Amino acid sequence: MERTLWVVGCLALFALGLWLMYLGWRNRAARQQARIGELPPVPAELGAQVLEPTTGMYLGSTIAPSWQDRITVGDLGFRATAELTRFERGILLERDGATVIWIPQESITAVRTERGHAGKVMTEDGVLVIRWKLPTGTEIDTGFRGDDKTVYPAWARTMTGDDRT
């Protein structure tokens, strides 16, 4: 009987921990909502494709400049397999099971590689990070770990749209 009480107590403690984490995630999203606002809609005309689509993992978005301050509004905080494509008018990030993210060209302030993003640490230059401004004026970093990291230099060169390779 004593063992059963210990097991039930541990399960109750575990469930309480999960519930508190859920409440924390939800409260964080409520605090961030005004800063994040609505994401830019995908335009009908994207322009010419500048870079071939690259597949990989969307790691999440963070409030710049902190690589660990994960955004929890909507589904921006959840990792997903994704495809990243560069067009003349911006960057299209199509995520499996989540909303599409459109990053307009005029909003992009930097494209660089980093060692880590959103709590995920990789090898040196293992993550492609796109820094951009939301319509609310908040600057965020969106992280992407590509399956083929050899394409990262081309992404960094096309940041301004001047060097189309």
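Residues numbered from 1 in each chain as written. Predicted model: local features only at pLDDT ≥ 70, side-chain atom pairs only at ≥ 80, totals over all residues. Heavy atoms only, no water.

Labelled according to an unreviewed UniProt entry, the protein chain appears under the name Transporter, originating from Nocardia xishanensis.

Overview of a nonpolar patch on the surface
Nonpolar side chains collect at one region of the surface, where Leu13, Leu16, Trp19, Leu20 and Tyr22 lie side by side and expose about 560 Å² of accessible area between them. With respect to the helices and strands, Trp19 occurs in helix H1 (residues 2–36). (Patch = residues over 30% accessible without salt bridge, like charges linked within 9 Å, V, L, I, M, F, W, Y side chains within 5 Å. Areas by Shrake-Rupley, 256 points an atom, 1.4 Å probe, with all protein chains shown as cover. Salt bridge = Lys/Arg side-chain N within 4 Å of Asp/Glu carboxyl O. Helix = DSSP H or I, 4+ residues; strand = E, 2+ residues; numbered from the N terminus.)

Quick word on the sheet that holds strand S1 (residues 49–63)
Pairing is antiparallel across the open sheet formed by seven strands, whose spatial order is S4-S3-S2-S1-S9-S8-S5. A single partner strand is all that each edge strand has here, and the edge strands are strand S4 (101–104) and strand S5 (108–114). Shown here is a sheet whose adjacent strand axes are inclined to one another by a mean of 30°, direction ignored. Pairing geometry for S1 and strand S2 (residues 80–87), over seven bridges, is antiparallel. Its bridge partner lying in S2, Thr54 is registered against Leu84. (Pairing = 2+ DSSP bridges. Axes fitted to C-alpha atoms, helices over the stretch in contact; angles between N-to-C directions.)

Concerning the nonpolar core
Judged by nonpolar contacts, the single largest core of 25 residues is most densely connected at Leu84 and Ile130. Contributions of two or more residues to this core are made by S1, S2, strand S3 (90–95), S4, S5, strand S8 (127–133), strand S9 (139–146) and helix H2 (152–157). Among the elements that line this core, the one with the most residues is S1, at four residues. With residues near it in sequence (within four places) discarded, Leu84 still touches Glu52, Pro53, Thr54, Ile91, Leu92, Leu93, Leu128, Ile130, Phe144 and Trp155. (Core = buried A, V, L, I, M, F, W, Y, C linked by side-chain atoms within 4.5 Å. Buried < 20%, exposed > 50% of the residue type's maximum accessible area, 1.4 Å probe, protein only. Contact = heavy atoms within 4.5 Å.)

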